[in-house]
Structure formats: structure tokens, C-alpha cells
Amino acid sequence: MLRAWRLRQLKDPAFRYLFEPPPADEWVAIDGDATGLDPRSDEILSIGAVRIRGHRLLTSERLELLVRPERPVPAESIRLHHLREQDLATGLAPAEAARRLLEFVGPRPLVGYYLDFKLALLDRLVKPLIGIGLPQPRIEVSALYHDHKFRQLPPYAQQDNVQIDLRFATLMDDLGLPWREPHDALDKAVMAGLAFIKLRALADA
């Protein structure tokens, strides 16, 4: 029913491909940097995405976009993301960034770390173009990791609501994956994709 409603809201039928069955065993790991932490008012500044096929991260099939903001970039955002207004001056207009993002992702499910916030920002980016937010299924890496750690607990601990450390650095270290302080959205998307692949393998073991 939700799918049918979203299809009716599409501004342009050319985007119906977003609702087609995704390629078998494919996902897109995605991340973005923004001017702040309020998805209702802050703007997306950069987008990084990389395709996953089976148990492989396809770094040759990646997307890196800078998005030209409509308002001045706060100093705290510049300090955090190292993206100055002059760096973003040649970025894409929001509508063109949205178009390229949709063409890259297609109907593939989206994978990421603390994905809801990032996708709330990206939904605001794509909605003026297509009439709806991103319709793809969403897979949260921190939730997969939580379930993985929870299954390892003894039954008595499972009943005690034991807190599981979901920090990204902790997650990556525990999974034996390379971790470094992310420098851009693509770095974060790649690391989230690696964690997703590892957690899928552990769940299948």
C-alpha cells in the first residue's frame, strides 16, 4: 500500500525505475556531511556512496558529490567536515545532485551507519525533484551489529537489557575491520559497507 501511494506521488514517471526490483544481491552504502544536526533545516554538503555486490565492496562503482549550499556554511561545520564555502562553490545544484544520486542508487537498498539522520537530509534533497523521499529499503549497520552482539550474550544477560556499545570506532574494531577517523562522506560509506559485509557473513556462518 505504501509503495502504491509513493508511486502516485511521483512527479515524473521517468523515476518509476526506483520501484523496480533491485539487482540480485546488491546494495548501496551511503553517507553524507551536512551543515548541522537538524534534518529539518540543515543542508547536505557532500554525498558519498559505493555499491556492494554479494560480499564485495565495489570501490570502482562509487559516487562522490559536493552540493552547493543555499546559505552560509557555519564555522563548526567547516571545522568538522573541512568543507569551506569556496570548496563548495563549484558543487552541484541540489536538483542535479539529487538526480545523480537517484541514478546511481536506482532501486538498491541503502546501507549506512545512523542512517535515519542522513536519509532525512537526502529526502529533503530529492523530494523537490520527484515528489517523495528516497523509497528504497534501508538497512542500519548499528542495528545489525546490536543484533550480532545480543546473540552472543548468555540468556541471563539478554534479559537484563545489557547496553551494547554502538560507537562506530568500537564496532569496526570489534569486527576486525580497518578504522580511521573519516575525512569525507565516501570514507564513511566505505567503512559502513565493510561492516555490513562482515556482519552478513557472521550471520550466515
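Residues numbered from 1 in each chain as written. Predicted model: local features only at pLDDT ≥ 70, side-chain atom pairs only at ≥ 80, totals over all residues. Heavy atoms only, no water.

I would appreciate a short explanation of the overall build of the protein in the present structure.
Helix and strand content of the protein: nine helices and five strands. Helices (α) and strands (β) of the protein occur, in sequence order from the N terminus, as α-β-β-β-α-α-α-β-α-β-α-α-α-α. Against the 2.2 N^0.38 benchmark of 17 Å for 205 residues, the protein shows a C-alpha radius of gyration of 18 Å, consistent with a compact globule. Once the C-alpha set of the protein is aligned to its principal axes, its extents read approximately 50 × 45 × 35 Å. In the protein, which comprises 205 residues, the share counted as buried stands at 46%. Of the contacts made within the protein by residues no fewer than 6 positions apart, 68% connect residues no fewer than 24 positions apart. Accessible area of the protein: about 11,000 Å², with a carbon and sulfur share of 54%. Of the charged side chains in the protein, 28 are positive and 29 negative, and the gap between their average positions amounts to 5 Å. (Helix = DSSP H or I, 4+ residues; strand = E, 2+ residues; numbered from the N terminus. Rg over C-alpha atoms; globule rule 2.2 N^0.38 Å. Buried < 20%, exposed > 50% of the residue type's maximum accessible area, 1.4 Å probe, protein only. Contact = heavy atoms within 4.5 Å. Areas by Shrake-Rupley, 256 points an atom, 1.4 Å probe, with all protein chains shown as cover. Lys, Arg positive; Asp, Glu negative; His and termini not counted. Charge placed at Lys NZ, Arg CZ, Asp CG, Glu CD.)

Just checking my understanding: could you explain the sheet that holds strand E3 (residues 56–66) for this structure?
What links the strands of a sheet is backbone hydrogen bonding, and the strands pair in either a parallel or an antiparallel sense. Read across the open sheet, the five strands follow the order E3-E2-E1-E4-E5; overall the sheet is mixed. With partners counted over all chains shown, the strands left at the sheet margins are E3 and strand E5 (138–140), one partner each. Each adjacent strand pair in this sheet contributes to an overall mean axis angle of 25 degrees, direction not counted. Where strand E1 (residues 26–34) lies against strand E4 (residues 110–112), two bridges are found, and the strand directions are parallel. Looking across to E4, one finds that Ala-29 is bridged to Val-111. Running over the sheet, helix H6 (residues 141–152) touches E4 and E5 and is turned about 50 degrees from E5. (Pairing = 2+ DSSP bridges. Axes fitted to C-alpha atoms, helices over the stretch in contact; angles between N-to-C directions.)

Help me out: how do you make sense of helix H9 (residues 185–204) in this one?
Structural remark: α-helix, 3.6 residues per turn; residues separated by three or four positions point the same way. Its 20 residues give H9 an end-to-end C-alpha distance of 29 Å, which sits within 8% of 28 Å, the value for a rise of 1.5 Å per residue. The backbone nitrogen of Leu-186 has a side-chain oxygen 3.2 Å away, supplied by the residue at the start of H9, namely Asp-184. (Expected span 1.5 Å × (residues − 1). Polar contact = N/O pair within 3.5 Å; in protein donor to acceptor, adjacent residues only side chain to side chain.)

Even after reading the chapter, I still don't get the side chain of Glu-26, so can you show me in this structure?
Mapped onto the elements of the fold, Glu-26 is located in strand E1. Looking at Glu-26, its side chain comes within polar contact range of the side chain of Arg-108, at 2.7 Å.

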